[in-house]
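Understanding the architecture of this molecule
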Amino acid sequence: MLGMLFNEKECKELDYVLRKELDEMLLDMSDTRLDQDIRYAIALRYKTIFRMYARFAPAKELSKYARRGRVPQSKQ
């Protein structure tokens with residue numbers, strides 16, 4: 001486990017960066033022009049970033065980024 005200390009300004013910046021990344025990945029996952037395998041990889045990354053954001057985000061904010069359903073299966 002890795003621990004980090006942030007001041008108030010750094011916490012706000014991290015919050016902003018994670019929210020923007022989640023927004024971008026949601027947009028990419030809904031883009032049907034992208035290959036299914038690429039959207040699968042984005043969905044896995046989304047799950048990781050969402051868990052990072054969930055550690056300090058209020059529940060009201062977190063609910064905006066909660067995805068329904070599961071990670072789509074990759075074509076084999």
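Everything in this summary refers to the structure shown in the same document. (Residues numbered from 1 in each chain as written. Predicted model: local features only at pLDDT ≥ 70, side-chain atom pairs only at ≥ 80, totals over all residues. Heavy atoms only, no water.)

A closer look at the overall build of the chain
Of the regular secondary structure elements, the chain holds three helices and zero strands. Reading the secondary structure of the chain in the N-to-C direction produces α-α-α. Taking all 76 residues of the chain together, the buried fraction comes to 21%. Partitioning the contacts of the chain with sequence separation of at least 6, the portion at a separation of at least 24 is 59%. Of the roughly 6300 Å² of accessible surface on the chain, a fraction of 55% belongs to carbon and sulfur atoms. (Helix = DSSP H or I, 4+ residues; strand = E, 2+ residues; numbered from the N terminus. Buried < 20%, exposed > 50% of the residue type's maximum accessible area, 1.4 Å probe, protein only. Contact = heavy atoms within 4.5 Å. Areas by Shrake-Rupley, 256 points an atom, 1.4 Å probe, with all protein chains shown as cover.)

Quick look at the environment of A41
Mapped onto the fold, A41 is located in helix α2 (residues 36-54). Distance in space between the C-alpha atoms of A41 and M29 is 9.5 Å, their sequence separation being 12 residues.

As for the nonpolar core
With 13 residues, the main nonpolar core has L22, M25, Y46, F50, Y53 and Y65 as its most contacted residues. For this core, the elements supplying multiple residues, two or more each, are α1 (8-30) and α2. Considering every element that reaches this core, the biggest residue donor is α2, with six residues. Setting aside its immediate chain neighbours within four residues, Y46 contacts L22, M25, L26, M29, Y65 and R67. (Core = buried A, V, L, I, M, F, W, Y, C linked by side-chain atoms within 4.5 Å.)

Quick look at the packing of α1 against α2
Where α1 contacts α2, the two axes come as close as 10 Å, and the packing angle between them is 155°. The angle between α1 and α2 falls in the class roughly antiparallel. Of the two possible hands of crossing, α1 and α2 adopt the one that is left-handed. Contact residues: D15, L18, R19, E21, L22, M25, L26, D28 and M29 in α1; R39, I42, A43, R45, Y46, I49, F50, M52 and Y53 in α2. Split by residue class, the contact of α1 with α2 holds 12 nonpolar, no polar and six charged. (Axes fitted to C-alpha atoms, helices over the stretch in contact; angles between N-to-C directions. Parallel < 35°, antiparallel > 145°, perpendicular 65-115°, else oblique. Left-handed = near helix turned anticlockwise from the far one by under 90°. Nonpolar A, V, L, I, M, F, W, Y, C, P; charged D, E, K, R; others polar.)

Things to note about α2
Given a rise of 1.5 Å per residue, 19 residues ought to cover 27 Å, and the 26 Å separating the end C-alpha atoms of α2 matches this to within 8%. Within α2 the residues assigned to the buried category are R39, I42, A43, Y46, I49, F50 and Y53. Summarising the axial view, the buried residues of α2 lie within an arc of 135°, below the 170-degree limit, and thus occupy one face. Taken together, the buried residues of α2 touch α1 and α3 (59-63). (Expected span 1.5 Å × (residues − 1). Arc of directions from axis to C-beta.)

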